[in-house]
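# Summary of structural features
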Amino acid sequence: MRPGVEGPTLVLVVAVGVLVGCGVTLLLERSLTRILLGVILLGNGVNALILMGGRAGAAPVVGAAPAGRLSDALPQAMILTAIVITFGLTAFLLAVSYRSWYLTGDDEVPDDIEDRQIRRAAERNEVAAADLGGEGPDADPEQVDPELPRRLRPGDGPG
């Protein structure tokens, strides 16, 4: 940095690094609650990073100070936009997490059927077959979930 020019302090840089690092680590978990916390931490870390990019100074109002001493209003506007987007994403993930917990009693993200097929093919060193399409959504075995066992209702059994 040049003499006389203020920049971000080391504490703020470390705080951004910790927030982003913890956020990314939590995003890689399988629990929707941890993913939600990761989104919140990552959003706050990015907001602090954007804030560090702005120029400090007087209020950005014309006539309040000379033009060279005004603070940069663009990072502040970007942070407000990022806060709104993060809040919307947080609300959506909270709703998905609650719905998952309500239906299954757990908020863990299950494996996808296609993920298991890809993992098995990778273990055997197979190349995935090309999907040329054209068979329709109901005839494509890659797109149709296997039949789940039907629950027996009273009166459905033999007898």
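Structure: above.
Residues numbered from 1 in each chain as written. Predicted model: local features only at pLDDT ≥ 70, side-chain atom pairs only at ≥ 80, totals over all residues. Heavy atoms only, no water.

### Digging into the nonpolar core
As a reminder, the rule being used: To form a nonpolar core, buried Ala, Val, Leu, Ile, Met, Phe, Trp, Tyr and Cys residues must be joined to one another through side-chain atoms within 4.5 Å. Burial status follows relative accessibility: with a 1.4 Å probe on protein chains alone, a residue under 20% of its type maximum counts as buried, one over 50% as exposed, and anything between as partly exposed. By the criteria applied, helices consist of DSSP H or I runs no shorter than four residues and strands consist of E runs no shorter than two, each listed in order from the N terminus. In what follows, a contact means two residues having at least one pair of non-hydrogen atoms within 4.5 Å.
In this structure, L32, I35, L36, V39 and L93 together form the largest nonpolar core, which totals five residues. Counting residues per element, this core draws most heavily on helix α2 (residues 32–53), at four residues. In this structure, L32 is in contact with V96, S97, S100, D107 and V109, ignoring residues within four places of it in sequence.

### Digging into the pattern of salt bridges
This is how the line gets drawn: We define a salt bridge as a side-chain nitrogen of Lys or Arg found within 4 Å of a carboxyl oxygen belonging to Asp or Glu.
The tally for this structure, following the rule as stated, stands at two salt bridges. As a salt-bridge pair, R30 and E108 come within 3.6 Å of each other at their nearest N and O atoms. Note that R30 is positioned in the loop between α1 (10–27) and α2 and E108 in the loop between α3 (73–104) and α4 (113–123), a separation of 78 residues in sequence. The exposure class of R30 is partly exposed, given its relative accessible area of 37%.

### Details of the packing of aromatic side chains
Here is the rule: Only centres within 6.5 Å qualify two rings of Phe, Tyr or Trp (six-membered ring in Trp) as a pair; their planes then separate them into stacked at under 30 degrees, edge-to-face at over 60, and tilted for everything else.
The final tally for this structure, using the stated rule, is two aromatic pairs. Seen in terms of ring centroids, Y98 and W101 are 6.1 Å apart; in terms of plane orientation they differ by 40°. Their pairing is tilted. Of this pair, Y98 and W101 both sit in helix α3, separated by three residues, roughly a single helical turn. Residue Y98 is classed as exposed on the basis of its relative accessible area of 51%. A residue is classified by how much of its surface remains accessible, and W101, at 48% relative accessible area, is partly exposed. Between Y98 and Y102, the ring centres sit 6.1 Å apart and the planes meet at 25°, which makes this aromatic pair stacked. In this pair, Y98 and Y102 are both assigned in helix α3, four residues apart and thus about one turn of the helix distant.

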